[in-house]
Amino acid sequence: MEAQRNLDAEIEALLNVEKQIRLAGDVAGTKKAVTDILQLCFEAKAWKTLNDQIILLSKRRGQLKQAVTAMVQQAMQYIDQTPDIETKIELIKTLNSVSAGKIFVEIERARLIKRLAKIKEEQGLIAEAADLMQEIAVETFGAMAKTEKIAFILEQVRLCLDRQDYVRAQILSRKISPRVFDADSSKEKKKPKEGDSIVEEAPADIPSLPELKRIYYELMIRYHSHNNDYLEICRSYKSIYEIASVREDPAQWIPVLRKICWHLVLSPHDPMQSSLLNSTLEDKNLSEIPNFRLLLKQLVTMEVIQWVGLWNMFKDEFENEKNMLGGSLGGKAAEDLRQRIIEHNILVVSKYYSRITLKRLAELLCLSVQEAEKHLSDMVVSKSLVAKIDRPMGVVCFQTAKDSNDILNSWSMNLEKLLDLVEKSCHQIHKETMVHKAALKV
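Residue positions within a chain follow its written sequence, with the count starting from 1. The predicted origin of the model limits local features to residues at a pLDDT of at least 70 and limits the giving and counting of side-chain atom pairs to 80 or more, whereas totals for whole chains, interfaces and linings rest on all residues. Each side-chain value is worked out from all heavy atoms of the structure, with water and hydrogens disregarded.

Regarding the overall build of the protein chain
Okay, step 1: Numbering goes from the N terminus for both helices and strands, where a helix is a DSSP run of H or I of at least four residues and a strand is a run of E of at least two. Regarding its fold elements, the protein chain presents 20 helices and 3 strands.
Okay, step 2: The globule rule puts the C-alpha radius of gyration for 442 residues at 22 Å, and the 35 Å found for the protein chain is more than 25% above it.
Okay, step 3: Overall, the C-alpha framework of the protein chain stretches about 130 × 65 × 45 Å when taken along its three principal axes.
Okay, step 4: The buried label applies to any residue whose accessible area, calculated with a 1.4 Å probe on protein chains only, is under 20% of its type's maximum; exposed applies above 50%, and partly exposed to all values in between. Counting only residues that meet the buried cut, the protein chain has 41% of its 442 residues in that class.
Okay, step 5: By definition, residues are in contact when any of their heavy atoms lie within 4.5 Å. Excluding contacts between residues fewer than 6 apart, the proportion of contacts in the protein chain whose partners are at least 24 apart in sequence is 63%.
Okay, step 6: Per-residue and other accessible areas follow the Shrake-Rupley method at a 1.4 Å probe size, with only the shown protein chains counted as cover for residues. Accessible surface, the protein chain as shown: approximately 26,100 Å² in total, 53% of it carbon and sulfur.
Okay, step 7: As used throughout, the charge tally considers Lys and Arg to be positive and Asp and Glu to be negative, leaving His and the chain termini uncounted. By convention, the point assigned to a charge is CZ for Arg, NZ for Lys, CD for Glu and CG for Asp. Here the protein chain contributes 63 positive and 63 negative side-chain charges, whose respective centroids are spaced 4 Å apart. Values of the radius of gyration come from C-alpha atoms, whereas the globule rule sets the reference at 2.2 Å times the count of residues to the power 0.38.

Structure, rendered in structure tokens:
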């Protein structure tokens with residue numbers, strides 16, 4: 001009780017001193033007085049008094065911005081030294097209310113919210129943690145370090161994914177441009193010009209840019225896995241594969257390259273998939289995993305693939321993926337793999353046949369006539385293929401119907417070629433005639 005009275009008396013004396021210095025406009029003196037009051041409360045372990053003094057000092061008439069900033073920064077150092085979790089939360093909430101709406105302590109407020117969200121997450125309140133984090137728009141903070149901004153937004157995305165709010169996760173992820181990860185950090189930082197806002201250094205616990213790149217793409221893989229968007233998952237793994245630290249360690253890049261190969265095979269056929277497939281096949285590192293090179297080679301080669309033989313060959317590799325980096329390929333992956341092989345086979349058949357009976361097509365695909373017709377129809381609807389089915393005759397026609405303009409254009413092209421050939425032939429005949437005439441004169 002005596003100690004409390006002494007503390008109150010000391011605080012009262014310091015408050016009077018602080019008032020005089022503040023009204024005199026002495027910035028350094030005010031900052032020292034404010035921090036001394038907080039230090040007294042901290043040393044006495046009077047946490048409730050500390051919270052009350054923080055609110056009181058921030059609301060005093062004409063309080064200096066520098067004093068409020070110093071006070072918040074000083075109090076933030078005490079957070080980890082609180083005796084229990086309730087006191088810690090109370091102190092964070094007090095500092096949060098003091099810094100709310102003040103642009104000069106916006107970075108401190110963002111860090112406080114992040115710490116409070118972490119506590120909420122540890123308590124299992126993920127929805128609350130996500131809502132807290134979404135209050136802060138760090139992309140507008142000019143003085144915050146780039147890496148800290150990215151780390152904060154990535155934390156927002158992660159919490160949204162944890163609460164399965166995929167729409168908001170996508171919106172937040174778009175605040176980060178993938179090009180920011182390719183910036184050359186080795187270049188010397190330009191000295192700020194006079195009048196420019198000074199960018200603070202990122203705290204020591206913020207990961208480096210390559211590590212943030214990896215975290216970003218791992219979150220994107222989680223997001224795209226929800227929609228089974230295999231091509232986007234593949235592109236995310238490709239970006240992870242290109243990180244220098246991953247490329248240097250075979251233990252890291254082999255699992256990533258395996259995932260790239262599997263997701264390429266699972267992706268529907270389109271120009272982007274085809275381009276990625278060919279660029280992956282040219283990768284020299286693929287020789288380290290010859291089975292996957294063979295798998296990609298089969299997809300590039302325009303030959304019919306026997307599903308049973310392929311599945312028997314790669315079933316063990318497929319099952320092993322769940323023990324690798326990134327986990328299993330998803331519940332629908334085996335079914336989708338079979339679907340992609342059937343689509344590949346239909347495309348191969350369309351290259352070699354202009355017309356084919358449904359019965360023969362079903363034999364080539366190792367399917368029933370009904371299944372073959374269903375898969376063919378799905379591909380036509382998705383515009384992967386141009387085909388027409390004559391169901392009474394049981395014939396599939398892969399030829400595209402040309403309109404009158406196309407036919408006329410092809411005729412004119414053919415006529416041009418014919419006239420070119422006639423002209424070349426005439427020239428050759430004339431040349432031979434001239435040579436013979438010259439020989440006869442001699």
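Now that the structure has been shown, we can carry on.
Regarding helix H14 (residues 271–281)
Okay, step 1: Within H14 the residues assigned to the buried category are Gln273, Leu276, Leu277, Thr280 and Leu281. One face of H14 carries all of its buried residues, which in axial projection span an arc of 130°.
Okay, step 2: In this structure, the buried residues of H14 make contact with helix H11 (230–241), helix H13 (250–266) and helix H15 (290–300). The directions from the helix axis to the C-beta atoms form the arc being described.

Brief notes about the environment of Pro250
Okay, step 1: Following the sequence through the fold, Pro250 ends up in helix H13.
Okay, step 2: Residue classification places Pro250 among the partly exposed positions, given a relative accessible area of 42%.
Okay, step 3: Between the C-alpha atoms of Pro250 and His430, which are 180 residues apart in sequence, the distance is 68 Å.

Topic: the sheet that holds strand E1 (residues 355–357)
Okay, step 1: Read across the sheet, 3 strands follow the order E1-E3-E2 without closing on themselves; strand pairing throughout is antiparallel. With one partner strand each, in any of the chains shown, E1 and strand E2 (388–390) form the two edges of the open sheet. Sheet twist, expressed as the average angle between the axes of neighbouring strands with direction ignored, equals 25°.
Okay, step 2: Note: two strands are recorded as paired if DSSP finds a minimum of 2 bridges between them. Summarising the sheet, E2 and strand E3 (residues 395–397) pair through 3 bridges and their orientation is antiparallel. Bridging across to E3, Ile389 finds its partner in Val396.
Okay, step 3: Structural elements are reduced to axes, namely lines fitted to C-alpha atoms, with helices fitted over the stretch in contact, and the angle between N-to-C directions of any two is expressed from 0 to 180 degrees. Running over the sheet, helix H18 (residues 358–365) touches E1, E2 and E3 and is turned about 80° from E1.

A closer look at unusual backbone geometry
Okay, step 1: For Asn228, which is not a glycine, the phi torsion comes out positive at approximately 55°.
Okay, step 2: With respect to the element layout, Asn228 can be found in the loop between helix H10 (209–226) and H11.
Okay, step 3: You will see that Cys366, though not glycine, has its phi angle at about 60°, which is positive.
Okay, step 4: With respect to the element layout, Cys366 can be found in the loop between H18 and helix H19 (369–381).

Regarding the nonpolar core
Okay, step 1: In terms of nonpolar packing, the biggest core is built from 101 residues, with Leu38, Leu50, Ile54, Leu91, Leu95, Val138 and Ile260 touching the most fellow members.
Okay, step 2: Beyond its immediate chain neighbours, meaning those up to four positions away, Ile260 contacts Cys234, Tyr237, Lys238, Tyr241 and Thr280.
Okay, step 3: Core analysis: the second largest hydrophobic core is formed by 18 residues, Leu347, Leu361, Leu367 and Val396 among them. Remark: nonpolar core denotes a set of buried residues (Ala, Val, Leu, Ile, Met, Phe, Trp, Tyr, Cys) joined through side-chain atoms within 4.5 Å.

Remarks on a nonpolar patch on the surface
Okay, step 1: Side chains of Met302, Tyr352 and Tyr353 sit close together on the surface and give an oily, nonpolar patch of about 300 Å² of accessible area.
Okay, step 2: With respect to the element layout, Met302 can be found in the loop between H15 and helix H16 (307–320).
Okay, step 3: With relative accessibility at 31%, the residue Met302 sits in the partly exposed group. Residues enter patches when they are more than 30% accessible in relative terms and free of salt bridges; like-charged ones are connected within 9 Å and nonpolar ones (Val, Leu, Ile, Met, Phe, Trp, Tyr) within 5 Å. Every case where a carboxyl oxygen of Asp or Glu lies within 4 Å of a side-chain nitrogen of Lys or Arg is listed as a salt bridge.

Remarks on the pattern of salt bridges
Okay, step 1: Per the counting criterion, the structure on display carries 16 salt bridges.
Okay, step 2: Of the charged contacts, one joins Glu121 and Arg158 as a salt bridge, the two residues approaching to 2.8 Å between their closest N and O atoms. Residue Glu121 is found in helix H6 (residues 106–122), and its partner Arg158 is found in helix H8 (residues 146–162); the two are separated by 37 residues along the sequence.
Okay, step 3: The exposure class assigned to Glu121 is partly exposed, which follows from its relative accessible area of 22%.
Okay, step 4: For Arg222, the salt bridge goes to Asp162, with nearest N and O atoms at 2.8 Å. Of this pair, Arg222 sits in helix H10 while Asp162 sits in helix H8, and the two are 60 residues apart along the sequence.
Okay, step 5: Residue classification places Arg222 among the partly exposed positions, given a relative accessible area of 37%.
Okay, step 6: Taken together, the shared-partner salt bridges connect Glu121, Glu155, Arg158, Asp162 and Arg222 into one network.

Regarding the packing of helix H7 (residues 126–134) against H8
Two quantities define a packed helix pair, namely the angle between the axes and the distance from one axis to the other.
Okay, step 1: Two numbers describe how H7 lies on H8: the axes approach to 9 Å, and their chain directions differ by 145°. Our pair here, H7 against H8, has a crossing hand that is left-handed. The segment H7 lies against H8, with Ile126, Ala129, Ala130, Met133 and Gln134 engaging Phe152, Glu155, Gln156, Leu159, Cys160 and Asp162.
Okay, step 2: Residue composition of the contact of H7 with H8, by class: 7 nonpolar, 2 polar and 2 charged. Each helix crossing is assigned a hand: it is left-handed if the near helix lies turned anticlockwise from the far helix by less than a right angle, otherwise right-handed if that turn is clockwise. Basically, the charged four are Asp, Glu, Lys and Arg, the nonpolar ten are Ala, Val, Leu, Ile, Met, Phe, Trp, Tyr, Cys and Pro, and anything else, Gly included, counts as polar.

Overview of the environment of Glu106
Okay, step 1: Here Glu106 lies in helix H6.
Okay, step 2: Taking the relative accessible area as the measure of exposure, Glu106 reaches 19% and is therefore buried.
Okay, step 3: Each C-alpha atom of the pair Glu106 and Met144 lies 9.1 Å from the other, and the pair is 38 residues apart in sequence.
Okay, step 4: If near-sequence neighbours (up to four positions away) are discounted, Glu106 is found in contact with Phe141 and Gly142.

Function cannot be inferred from these measures alone, as they are strictly geometric.
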